[in-house]
Structure formats: C-alpha cells, structure tokens
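Letter by letter, the chains look like this.
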Amino acid sequence: MAQRILIVGAGFAGMWTALGAARVLEENGRADGGIEIALIAPQPELHVRPRLYEAEAGTMKAPLREVFDAAGVRFVQGTVERIRTDDKAVDYVDAHGDAATLGYDRLVLATGSKLFRPRIPGLTDHAFSVDQLDEAAALETHVKALGALPDSAARNTVVIAGGGFTGIETAAEMPARLREALGADAQTRVVVVEQAEAIGPDLGPGPRPVIEQALAELGVEMRLGVAVAAIDADGVTLANGERIESRTVIWTAGMRASALTEQIPAERDRFGRLHVDRNLRVPGVDGVYATGDTAFAATDDEGNHAAMSCQHAMGLGRSSGHNVAADLLGLAPIPYSQPFYVTCLDLGPWGAVYSEGWDRVVKMEGAEAKALKHQINSEWIYPPRADRAEALAAADPRRAVVA
C-alpha cells in the first residue's frame, strides 16, 4: 500500500510543497507510485493574493491542475474541516458536498492566513477588503458602480483602515481608480487610518519618507495614532470622535493564521502560527509539518522569523516539500533558511519603493522600483509552466527567492 504525503492548501506554500516533494522523489528514483503526493484544496488554482489590491482583482488566479499533473501530484478537490493527528487522517467535504476522509503518513499544513476582523461595530456588515479573491472582486464591482450614485462626499471618499503593507498599496491605487469610476473632475478623497503613530509601522523608518512623499503627492490623507471605533453604511467613526463620511471603507488591519492550526495540539504564536523546528516539523506531533503563513519559522540565526508574505511562503514551501519527502525516504533534511529579505512596496502611479534587509534599507524608488514590482507581480510569483523538469527544478529549496 502506498504511503501518502498529504498537503492541505493550494496557496504559494502548498503549491511549492507539492512540487518540492515531487522533486525529491524524482531525484531519488522513487517517483514510482510507492509514495503518493496528494494536495487538497477547494479549487485547483493559485490565488495571486499579493495582487488583490490592483484593478481586475477577479482575474488574479492561476490554474494548477496541469502543473500538478506534470509533476505527479494528485489534486483532491475539497475543504478540510477536521484534522485528526492521533489517527493520521483528515476529514473533508468534497466538491459534491459529501463527507470524506483521507489518511496520511506525513501531513503538511499550508492553509495560509486570513484577514483579522476584530469586534468593531459594523465591520463585518459594512467594510470591504482585498484579502481574498472574491472579496477583492466585490470591492472592484462596488467602486465601478459608484458613478451611478448621486454626487456626495460619502460617495467620493474611500477610507482605508490600516496603514500597513496592504493598506498602503491599496491607498496608493485608490485615487486613480476613483477618478476612473467618477470622472476626472470629481472631488475625490482617500484617507488612511492607522492606530500607530506612523504610517507603515511594521516597515520601520527606512522606507517611510518615500511612502509619505508618495502618498502626499497622490493626494492621500492620513489619520495616525487613532483607531476605527465603528463603521456603518455611510462612513466611519474614529476613536477620537472624528466622523468621515464614506460609502467605501476597506479593512486591511492585521492577519491571523488559518483556524486549522488550532486542531494541531502544539504551541502557536500570537498570530495563530504553529511553532516549527528548522526543518518545519511541528514538535511533539508525529508526522506533521507546517509551512507558509501557518508556520512560525526562523529565517536565520539572528532572531528573525518569516513574515506572512508571499516571499517567505515560497521559500517555506520549497523547504517543507523537500523535508517531508526526505523524512519518508530517510534522507537528510535541508533546514529552512531565508536570510536575504527584501521589501518591494507598490505606490500606485507614483512608483514603488524597494528595500533590503530587516532594517529595510532603501535601494530603489520611483519608476525604477515600479518596474521591479511589476516583474515580481507578473512573473516571479506565478506557478512554473506545466513542464515536469522545469517545475521540479524550480522547487529546489536552495533556490534564491527574492519576490
């Protein structure tokens, strides 16, 4: 009976885990069916989440069936509801709505993260997001339809709740998208609300002057050091009592790991990510690995840990794929390491800012950085072609990932 590596999730980490595991089997002459690589997810497609702040968000997905077929990965369409680590099995609902179970010899949890929505009055009912493909598409439909509404301050104003990476990228896009929807002469307004005292608090002081310059030149306002207290159909009320009339409030503040991490009996960090060792195994849980946004993983020996980002998910996936297959074959693992860290932040029509290192030293800005961001977003983060040799070679964990 074949052994099974079961991967849950078809995001960046899940996709690269599957291809990484297939690479190890191929290189060691074990791609003979004796070990099955199965990946379970709702759809055989990669949602290109780093691009969901852009226009045409509903198109930001890439098919995976052909590349999985080429690599010898079995795709199982379904949604996992329960992980039973004692039984080494997962329970899921298949594409027809029927309950089913899959056993595993090794499990890799790669179900990513979701936007954190705190209990703020009106947030669930009235705020948009760019977190998931359908949510970003709904926002785009809404913005395009604004032109059919009567002219008003609320119609012409977008409020971005959260001034982190996603909030900044979304805010930088919004002035042009509003003008496209409402007309070049409309009196539009875009406001970022950030409860920290500075924009991009997690990005540090390095790129901040560039971000501030870009947002100012794009006409984006900032409300810093204040939180959103309530959201309704016509705007937001801030904790300091200020009222901003808006028909378009976009929530971008905070991420949490997939709730499936709670079904693994192991330590988690404050974002819900499972603590893993350098080989991405979950300590104390037999045969279970975590990767991507579900893993609290050290990137180096300097105390840095992977961010919830595409850049780290791709490296984590390649490593978890290698190590889970190596584990079954009795081979030496390759400890996860991703010491080279970069940030490329899109600043809409103004350009972009590119920095290197955890202290984010700015190396490039404006149009030059924008060209790099375009290359990252349109080429580097997409799946490889459905060519077996090419796809497996791209899954080597020693491959440098700069996206």
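Refer to the structure above for everything that follows.
I will try to describe carefully the structure that is included in this document. Keep in mind that this is a model prediction, so the values were computed, not measured.

It is worth spelling out the sheet that holds strand 10 (residues 127–128) at this point. The strand order 10-17-11-12-13 describes an open sheet built from five strands, whose pairing is parallel. Edge strands, defined here as strands with exactly one partner in the open sheet, are strand 10 and strand 13 (220–224). Where strand 11 (residues 157–161) lies against strand 17 (residues 248–251), four bridges are found, and the strand directions are parallel. Pairing of Val159 across the sheet is with Val249, part of strand 17.

What follows concerns the packing of helix 1 (residues 12–27) against helix 7 (residues 310–329). Two elements in contact, helix 1 and helix 7, have axes whose closest approach is 7 Å; the angle formed by their N-to-C orientations is 35°. In terms of crossing hand, the pair formed by helix 1 and helix 7 is right-handed. Of the residues in helix 7, those touching helix 1 at Phe12, Ala13, Trp16, Thr17, Gly20, Ala21, Arg23, Val24 and Leu25 are Cys310, Ala313, Met314, Gly317, Arg318, Ser320, Gly321, His322, Val324, Ala325, Ala326 and Leu329. Counted by class, the contact of helix 1 with helix 7 contains 13 nonpolar, six polar and two charged residues.

Once that is clear, we can look at the pattern of salt bridges. For the coordinates displayed, the defined rule picks out 27 salt bridges. A salt bridge links Asp327 to Arg106, with the nearest nitrogen and oxygen atoms 2.8 Å apart. Of this pair, Asp327 sits in helix 7 while Arg106 sits in strand 8 (residues 106–109), and the two are 221 residues apart along the sequence. Of the charged contacts in the structure, one is a salt bridge between Asp151 and Arg155, with a shortest N-O distance of 3.3 Å.

Time to look at helix 7. With 20 residues, helix 7 should reach 28 Å at 1.5 Å per residue; the first-to-last C-alpha distance of 29 Å fits that figure. Burial of helix 7 is extensive: 19 of the 20 residues sit out of reach of the surface. One or two residues past the end of helix 7 sits Gly330, with phi positive at roughly 75°.

Note on aromatic pairs: each is described by the distance of the centres and the angle between the planes. Here the structure, examined in full by the defined rule, presents one aromatic pair. Ring geometry for Tyr341 and Trp358: centres 4.1 Å apart, planes at 20°, overall stacked. Within this pair, whereas Tyr341 is found in the loop between helix 7 and strand 22 (342–346), its partner Trp358 is found in the loop between strand 23 (352–356) and strand 24 (361–366), the two being separated by 17 residues in sequence. Overall, Trp358 belongs to the partly exposed group, its relative accessible area being 26%. We note Arg256 situated over the ring of Phe116; from NZ or CZ to the ring centre the distance is 3.9 Å. Arg318 extends its terminal NZ or CZ atom over the ring of Trp16, reaching a point 3.9 Å from the ring centre.

A packed helix pair is summarised by two numbers, namely the angle formed by the two axes and the spacing between the axes. Following both chains from N to C, one finds helix 4 (residues 133–145) and helix 5 (residues 165–182) inclined at 50°, their axes separated by 8 Å at the closest point. Compared by their axis directions, helix 4 and helix 5 come out oblique. On helix 5, the residues that touch Leu139, Glu140, Val143 and Lys144 of helix 4 are Met174, Arg177 and Ala181. Residues belonging to the contact of helix 4 with helix 5 are distributed by class as follows: four nonpolar, no polar and three charged.

Of all hydrophobic cores here, the largest spans 108 residues; its most connected members are Ile5, Ile37, Leu39 and Phe68. Take this core: its biggest share by element is 10 residues, from helix 1. In contact with Ile37, other than residues within four places in its own chain, are Ile5, Ile7, Ala18, Ala21, Ala22, Leu25, Gly72, Val73 and Arg74. With 16 residues, the next largest nonpolar core counts Val159, Ala161, Ile244 and Trp251 among its residues.

With that out of the way, let us pick up the environment of Trp16. One can find Trp16 in helix 1. Judged by its relative accessible area of 3%, Trp16 is buried. Separated by 313 residues in sequence, Trp16 and Leu329 place their C-alpha atoms 19 Å apart. Excluding residues that lie within four positions of it along the chain, Trp16 makes contacts with Met314, Gly317, Arg318, Pro384, Ala391, Ala394 and Ala395.

Moving on, we come to the pairing of strand 6 (residues 89–94). In this sheet, strand 6 lies alongside strand 5 (residues 73–84) in antiparallel orientation, the contact comprising six bridges. Among the inter-strand pairings, Gly78 is bridged to a residue of strand 6, identified as Asp94. The hairpin formed by strand 5 and strand 6 contains four residues between the paired strands, and Lys88 there has a positive phi angle of roughly 55°. Sheet analysis places strand 6 next to strand 7 (residues 99–103), joined by five bridges and oriented antiparallel. Paired with Ala89 across the two strands is Gly103, which belongs to strand 7. Taken together, strand 6 and the strand that follows it, strand 7, pair antiparallel across an intervening segment of four residues, in which Gly97 is found at a positive phi of about 85°.

Read from one edge to the other, the open sheet built from three strands follows the order 22-23-24, with strand pairing classed as antiparallel. At either end of the open sheet lies a strand with only one pairing partner, and these are strand 22 and strand 24. The mean angle between the axes of side-by-side strands here comes to 15°, regardless of whether they run parallel or antiparallel. Here helix 8 (residues 367–380) sits on the sheet in contact with strand 22, strand 23 and strand 24, set at roughly 95° to strand 24.

How each quantity is defined
Residues numbered from 1 in each chain as written. Predicted model: local features only at pLDDT ≥ 70, side-chain atom pairs only at ≥ 80, totals over all residues. Heavy atoms only, no water. Pairing = 2+ DSSP bridges. Helix = DSSP H or I, 4+ residues; strand = E, 2+ residues; numbered from the N terminus. Axes fitted to C-alpha atoms, helices over the stretch in contact; angles between N-to-C directions. Left-handed = near helix turned anticlockwise from the far one by under 90°. Contact = heavy atoms within 4.5 Å. Nonpolar A, V, L, I, M, F, W, Y, C, P; charged D, E, K, R; others polar. Salt bridge = Lys/Arg side-chain N within 4 Å of Asp/Glu carboxyl O. Expected span 1.5 Å × (residues − 1). Buried < 20%, exposed > 50% of the residue type's maximum accessible area, 1.4 Å probe, protein only. Phe/Tyr/Trp six-rings, centres within 6.5 Å; stacked < 30°, edge-to-face > 60°. Lys NZ or Arg CZ within 6 Å of the ring centre and 35° of its normal. Parallel < 35°, antiparallel > 145°, perpendicular 65-115°, else oblique. Core = buried A, V, L, I, M, F, W, Y, C linked by side-chain atoms within 4.5 Å.

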